[in-house]
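Residues per chain, in single letters:
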Amino acid sequence: MAKSNLQFKTNYAVSSTIEPFYKGGKVQISKDEKFIFCTCGTRVNVLQIVTGKIVHSIEQDDQEDITSFALSLDDEILVTASKALLLKQWDWKQAQCTRSWRAIHNVPIASMTFDPTATLLATGGCDGTIKLWDVVKQYCTHNLKGSSGVVHLVEFHPDISLLQLFSSASDCGIRMWDLRSSQCLCVLQSHYSPVTSLAFTPDGASMVSSGRDKICTVWDLKSRTARRTVPVYEAVESVVLLPEDEDFSEIGVKTKEIHFITAGSKGVLRVWDASSARCVFAQTLPSPPSAGDPRSLTYCLPLPSSLRLATVTAEHNILLYQLPSFTTQQQFVGFNDEVLDVKFLGKGDTHIVVATNSSQLKVFDLATSSCKILYGHTDTVLSLDVFKKGSLFVSCAKDKSVRVWRQDPDSGQVSCVAQGCSHANAVGSITCSSSDPGGPQWMHDVNSVAVSPNDKLLVSGSQDRLAKLWSLGAPGADLALLGVFRGHRRGVWCVQFSPMDQVLASSSADGSVKLWSLHDFSCLKTFEGHDASVLKLIFVSRGTQLLTSGSDGLVKLWTIKTNECVKTLDAHQDKVWGLHATRKDDRVVTASADSNITVWTDVTEVEQAEEQAKQEDQILKKQELSNLLHEKKYLKALGLAISLDQPHTVLKVIKAIRQGEDGAKQLEKTVLKLRQDQKESMLRYCAVWNTNARSCLDAQAVIQVMLTHLSPEELLQYQGARAHLEGLIPYTGEVGEGIKPLMPEKVSADCVC
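Residues numbered from 1 in each chain as written. Predicted model: local features only at pLDDT ≥ 70, side-chain atom pairs only at ≥ 80, totals over all residues. Heavy atoms only, no water.

> Which residues make up helix H8 (residues 721-728), and what values go with them?
Along an α-helix, residues three or four apart share an orientation, since each turn contains 3.6 residues. Ala 721, His 724, Leu 725 and Leu 728 are the residues of H8 that are buried. Projection of H8 onto a plane perpendicular to its axis shows the buried side chains occupying an angular sector of 95 degrees, all on one side. (Buried < 20%, exposed > 50% of the residue type's maximum accessible area, 1.4 Å probe, protein only. Helix = DSSP H or I, 4+ residues; strand = E, 2+ residues; numbered from the N terminus. Arc of directions from axis to C-beta.)

Structure follows, in structure tokens:
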């Protein structure tokens, strides 16, 4: 198995992760348009838009889910509300809680928002009350009652001089509150279902409201009447006004009247003319919606400075669009659910394609974490594989179909180029030929299939505990069974051919990995180390090593020649279904049922270089130590020997000092000049030296110096001092100069007995 000039891998390190950061709830974008704030259980995650990475994570220490949060308009203050009925104010850039207080609400807070000055905070509770807080002076200023049911929406009027607050609850009305008198000025009635969002014109004279009753209403706030009701024919979750000072003629905006964008159950953004109640633009989806399509929108957020728009889908995806073209700029996946398979993709393995517990495929750009979602399958995608050149890949699913996809190397766009629908059942596994695309091979009721490097053989692994070898004939011809590999005690999860040798590997639910001969179908080696099913395996290091992943959440690196598990990688909390290496063999990606995708980099050469540098440094220090001893610079020599943490070298220095001129005095002078941490090390070494007749006298000489010149209180401050001193007692009778006669009586009593 050994290959010439081949370096075995010894370790991988995590280089990047794609992890869940949003599982539903509120989303807010910072005013500088650099960060997206979103809830994820007990945390508020802060996503940096440029990199797609989580840069801050604000977590409740009480481990209670966050029900709502609000970021002030100056991006300085973040306030969160949890099920524990606590409000917490955060310095979010440092992830530090600066203040917490009881919310006074009797039930959890459902909504909250800051006023334009970032001094007033409004909270709407599930108890039908609204409370206002002065976050500067830190007290409750208002308690507004009268709403019916959960107050799920609170918004300040943009003109703070008016001191008005708008709210909506389960009664479907929009209440206008005067904060000077704490009275409800009026209830705007138009909707027959809960109001989902409010959008104010820049002058504050008009407002647009949306609801799930499939209408939007334009309000005149001066007369407090409905100016126009616009039927939009879908349940609307969010409404955003188009900027008045921009040119949107290319999407049908011809006048300066109010135009607004709706986002809702149809999953498309549409632009409406408020004056004519007409839709002037409708977004075109990359593929038409199908039954059960999860593309409905839950939020729509403006980014006015960059003229962009952010939407949030029901499947927890966040998309950024450029206006006025409505072209997709970035897409972030908030929650992947269970990840079933993953493969590197692209000319330089710059992307990964991921199959999750859904009918959509996701293609991630590893540099930015931006994602493209591929629609086509109508049921859960079960398996993926990539052709050798990296731009063509295949998928199979429970919908009984297989699809071939191509990624454009320049634009990165992915499209479906072929489809096969001849199966009678779900297609569970798929593999590509090793040479030019001659067509993928697939099977159902089989856990894994693989094609040999020369494209002449196919191996399958199944729940019947067997792996079978087949001969691949001409395209369209039936497979010919060549032999059966028997030995696993439970179902076979994965099979792979070696890229170099006439062997194949299989992994099983019995927790083992086996290596088989293609000549006589015998088992050559068995690798055992996983405590549960081994779900995936791949060959690395030109076929001399294996990487395996299991349902125990672990990934293991094996050297085939020695049967040794070289390294265990632990980064997942659930089954690791996906495992794939780049064509350069320098990176690995793993994907798990815990929704995490982890990219690992081979750090073998880096660690070996660090080890070599460390050894060279040790050699230089040893040479320096020799020079110091020769020059009789004992203090520096002793300090250097202790820093190397080599007790034998330290003992050598002690002996050299004692054997020199006036050794006892020189030893005393040297030991007393050591730092406390160095004296702690000396005490630890002496406890060991005293057990050996060859070094006990040197140990006692050092102990005598320390016990004579250091007080008991000072000695007891040393780490492990009591244990080390007690360890000296049993050997007192075995040495010529016992330790007890050297110890002052009170030190012996206080420190040892």
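> Go over the sheet that holds strand S23 (residues 259-264), please, and point to the residues and values.
Strand order in the open sheet formed by four strands is S22-S23-S24-S25, with antiparallel pairing between adjacent strands. Every interior strand has two partners, whereas the edge strands, strand S22 (236-241) and strand S25 (278-282), have only one. Each strand axis lies, on average, 30 degrees off the axis of its neighbour in the sheet, ignoring direction. Pairing analysis gives four bridges linking S23 to strand S24 (residues 270-273), with the strands arranged antiparallel. Counted as the bridge partner of Thr 262 is Arg 270 from S24. (Pairing = 2+ DSSP bridges. Axes fitted to C-alpha atoms, helices over the stretch in contact; angles between N-to-C directions.)

> Explain the environment of Gly 346 to me, and be specific about the residues and the numbers.
Among the structural elements, Gly 346 can be located in the loop between strand S30 (339-345) and strand S31 (351-356). The class of Gly 346 is buried, set by a relative accessible area of 3%. C-alpha separation for the pair Gly 346 and Lys 621, spaced 275 residues apart in sequence, amounts to 48 Å.

> Give a description of the nonpolar core that names residues and reports values.
Within the largest apolar cluster, 35 residues are counted, with the highest numbers of intra-cluster contacts made by Leu 638, Val 650, Val 653, Ile 654, Met 682 and Trp 689. Of all the secondary-structure elements, those providing two or more residues to this core are helix H1 (604-630), helix H2 (634-643), helix H3 (647-659), helix H4 (663-672), helix H5 (676-689), helix H6 (696-709) and H8. It is H6 that provides the largest number of residues to this core, a total of seven residues. With residues near it in sequence (within four places) discarded, Leu 638 still touches Val 650, Val 653, Ile 654, Thr 670, Leu 674 and Met 682. Listed in part, the 19 residues of the second largest apolar core include Val 240, Cys 300, Leu 309 and Leu 319. (Core = buried A, V, L, I, M, F, W, Y, C linked by side-chain atoms within 4.5 Å. Contact = heavy atoms within 4.5 Å.)

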